[in-house]
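Observations on the model geometry
Each chain, letter by letter, is given below.
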Amino acid sequence: MIDFVFLIISAVTIISAIMVVQTKKLVHSAIYLAGTFLGTAGLFILLEAEFVAWIQVLVYVGAVITLILFTIMLTRKGEEE
Amino acid sequence: MIENAYQLIVYVLTLLGVYEWIYGIFQSFGIDYVLQIIIVFVEIVILFAFVLVTVMFLTWMERKVVAMVQSRYGPMVTGPRGLLQPVMDGVKLIGKEDIIPAKADRWIFTLAPFIVFIPALLVFIPLPFGKSLIISDLRVGLLYIIAISAMSPVALLLAGWASNNKYSLMGAMRAVAQDISYTIPLALTAIAVVMFTGSLSTVDIVNAQGGTWFGIIPKWFIFIQPLGFILFLIASIAEMGRIPFDFQESESELVAGFFTEYSGMKFAMFFLAEYAHLFAVSGIIVTLFLGGWEGPALPFIPVQLTSLVIFLIKTYAVIFFAMWLRDTVPRVRIDQLLNLGWKIMVPLAVLNLLLTGFIVVAGVI
């Protein structure tokens, strides 16, 4: 059961990590990066490290992704070609 | 000892005498974990139904409170006292055309309303509705709530960006600026409460507020932390984006903020998320400062039921306060809001934390 969940979460994490560098649009990359961070948090939960998992969500998904999205939106002109 | 809703369901099934039978069937196939998954699924369905009904009731209540303040009747035609009005609204919204703007990012535009709704629903997991009426008593429940709430600005930003509309984008930018600046006092005041309980678990926080001083005053944290309570209340109303602080959708400046371009069911998802968030945040305020489900127990009635009723009464009192505030206070300006957040609320929250530290170390309470 735990192995099965581990496989699913790892697959999601790795696939979204690959998609971060594969997609053309920067905002899509940022969303996939959020998926990677959430997957990592899921792996921490499987290791019964709840505190680390939710700090991961708070800092990376909450703060870092917001920062990245802000940056992308403020430099949006160069993307439209 | 029943600790959460899962054990409560098992206990009720055992009382009915069917649990052993069902468990036996699953065990004979060697898949007893499937039964656990089914029970968790039942919990999710009950929670989801509860949230939907609550949201429908809250939209009706909001209209009634606005009408009461403005000396009107509000919705009266559909159902008794207009109670079926939310159902009609839902039917109308389902029937509407689902418009996607030509230059919008279709994929994110469709996904964003659901990403907005998921955190609003996930916050309910460690919320104690009553004694043992909790989906899961996480050891880091309060941190979980703060972390999940921190995910919602990302979704708002995506919704605003994907619409490809300047009003949407400005609304989203304002929503995120507001969310970030008010999460800090919110977390700092929550930490002050945690310093008293020594635990992040919501159940431990409620248990710490049981009993009374001198037999009259309940041991709620609002009496130990009056400054913290006021800061938390203001910060959570700002985080919800309700009227004195509703810059994300201030209709006189930004049409409707980040959901300007949304219609039909996607618009309904934003609405659903907003009211689910209102209930969740009021529940968190009750849990942290107003004693949660602690209250008088009645004889012959299961404690789960009385505690649920007490929790709902307190939560609806907080919700009523938020609606009342909406009808009484005009909107402030965005620079005033950010000044209030960074120059007044954050220093006061730090001061509150410092005083709490002294009190805890001195061991006065």
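This one's a predicted model, so the numbers in the text were calculated from it and none came from an experiment. Here the residue numbering is sequential within each chain, running from 1 through the sequence in written order. Chain A is the first chain written and ligand 1 is the first ligand written, with later ones labelled in order. This being a predicted model, a pLDDT of at least 70 is required before a residue's local features are given, and a value of 80 or more before pairs of side-chain atoms are given or counted; all residues contribute to the totals for chains, interfaces and linings.

In DSSP terms, a helix is any run of H or I states spanning at least four residues, a strand is any run of E spanning at least two, and both are numbered starting from the N terminus. A tally of helices and strands in chain A yields three helices and zero strands. The order of helices and strands in chain A, counted from the N terminus, is α-α-α. Seen along its three principal axes, the alpha-carbon backbone of chain A occupies a region of about 50 × 25 × 10 Å. Each residue is classified by how many other C-beta atoms fall within 10 Å of its C-beta atom, where C-beta atoms are placed from the backbone; a count of 20 or more means buried, 12 or fewer means exposed, and values in between mean partly exposed. Burial analysis of chain A (81 residues in total) assigns 27% to the buried set. A fraction of 46% describes how many contacts in chain A between residues 6 or more apart in sequence connect residues 24 or more apart. Contact definition: two residues whose C-beta atoms, as placed from backbone geometry, lie within 7 Å.

A few words now on the overall build of chain B. From N to C terminus, chain B includes 15 helices and two strands. Only C-alpha atoms enter the radius of gyration; for comparison, a globular chain is expected to reach 2.2 Å times N to the power 0.38, where N is the number of residues. Its C-alpha radius of gyration of 22 Å places chain B within 12% of the 21 Å reference for a compact globule of 365 residues. Across its three principal axes, chain B shows a C-alpha extent of roughly 60 × 55 × 45 Å. For chain B, the proportion of its 365 residues judged to be buried stands at 40%. Excluding contacts between residues fewer than 6 apart, the proportion of contacts in chain B whose partners are at least 24 apart in sequence is 76%.

Counting residues at the interface gives 14 residues for chain A and 17 residues for chain B. Mapped onto the side of chain A that touches chain B, the elements with two or more residues apiece are α2 (26-46) and α3 (50-74) of chain A. Broken down by element, the residue count for the side of chain A that touches chain B peaks at eleven residues, all from α3 of chain A.

Residue and element names in this part refer to chain B. For our purposes the nonpolar core covers buried Ala, Val, Leu, Ile, Met, Phe, Trp, Tyr and Cys residues that link as a set through C-beta atoms within 7 Å. Core analysis: the largest hydrophobic core is formed by 103 residues, its most contacted members being V116, A159, A172 and I285. The source of the domain bounds is an automatic or database domain assignment. Composition of this core by domain shows at least three residues from each of domain 1 (1-80) and domain 2 (96-362). Apart from the residues within four sequence positions on either side, A159 is in contact with A112, P113, V116, A172, F258 and F259.

Trans is the common state for peptide bonds, and a negative phi is the common state for residues other than glycine. Positive phi outside glycine occurs at E48 of chain A, with the angle close to 60 degrees. Tracing the backbone shows E48 of chain A in the loop between α2 and α3. Despite not being glycine, S71 of chain B shows a phi value in the positive range, around 55 degrees. With respect to the element layout, S71 of chain B can be found in the loop between α3 (32-69) and α4 (85-95). Judged by local crowding, S71 of chain B falls into the exposed class, with 6 C-beta atoms found within 10 Å.

Residue and element names in this part refer to chain B. Between the N-to-C directions of two axes lies an angle of 0 to 180 degrees, each axis being a line fitted to C-alpha atoms and, for a helix, fitted only over the stretch in contact. As a packed pair, helix α11 (residues 226-240) and helix α15 (residues 334-362) sit with axes 10 Å apart at the nearest point and diverge in direction by 145 degrees. Where α11 crosses over α15, the handedness of that crossing is left-handed. Residues L227, G228, L231, I234 and A235 of α11 touch α15, and the partners they reach there are M345, L348, A349 and N352. Per-class residue counts for the contact of α11 with α15 are seven nonpolar, two polar and no charged. For any pair of crossing helices, the crossing counts as left-handed if the nearer helix is rotated counterclockwise from the farther one by less than a right angle, and right-handed if it is rotated clockwise. Residues are sorted three ways: Asp, Glu, Lys and Arg are charged, Ala, Val, Leu, Ile, Met, Phe, Trp, Tyr, Cys and Pro are nonpolar, and all the rest, Gly among them, are polar.

Residues and elements named next belong to chain B. Assigned domains of chain B: these are domain 1 (1-80) and domain 2 (96-362). With 16 residues of domain 1 in contact, the opposing surface of domain 2 contributes 18 residues. Taken together, the elements giving at least two residues each to the side of domain 1 that touches domain 2 come down to α1 (5-16) and α3. Top element by residues in the side of domain 1 that touches domain 2 is α3. It accounts for eleven residues.

The score called pLDDT rates the predictor's confidence residue by residue, from a low of 0 to a high of 100. Looking at chain A, the pLDDT average stands at 85 and 93% of residues meet or exceed 70. α3 of chain A is the least confidently modelled element of chain A, averaging 85 in pLDDT, while helix α1 (residues 2-22) of chain A averages 91, the highest of any element.

Among the structural elements, W342 of chain B can be located in helix α15. With 158 residues separating them along the chain, W342 of chain B and I184 of chain B place their C-alpha atoms 9.0 Å apart.

Residues and elements named next belong to chain B. Where helix α8 (residues 166-197) meets α11, the closest approach of the two axes is 9 Å, and the angle between their N-to-C directions is 150 degrees. On the basis of their axis angle, the class for α8 and α11 is roughly antiparallel. Seen along the crossing, α8 lies across α11 with a hand that is left-handed. Residues Q178, D179, Y182, T183, P185, L186, T189, A192 and V193 of α8 lie in contact with α11, whose contacting residues are G228, L231, F232, A235, S236, A238 and E239. Looking at the contact of α8 with α11 residue by residue, the class counts come to nine nonpolar, five polar and two charged. In these notes the angle categories are as follows: under 35 degrees is roughly parallel, over 145 is roughly antiparallel, 65 to 115 is roughly perpendicular, and the rest is oblique.

This part takes up α15 of chain B. Residue and element names in this part refer to chain B. Helix span, as expected, comes to 1.5 Å for every residue beyond the first. Over its 29 residues, α15 extends 41 Å from the first C-alpha to the last, a length consistent with the 42 Å expected when each residue adds 1.5 Å. The largest bend along α15 reaches roughly 35 degrees and is located at M345, with the proline P347 sitting one to four residues downstream. Within α15, burial applies to L337, G341, M345, A349, N352 and T356. G363 sits one or two residues past α15 and shows a positive phi near 70 degrees. Throughout, bend refers to the angle between the axes fitted to the seven residues that end at a position and the seven residues that start at it.

Take the confidence of the model for chain B next. Per-residue pLDDT for chain B has a mean of 84; in total, 98% of the residues score no lower than 70. For this predicted complex, the interface score ipTM comes out at 0.85, while the overall pTM is 0.88.

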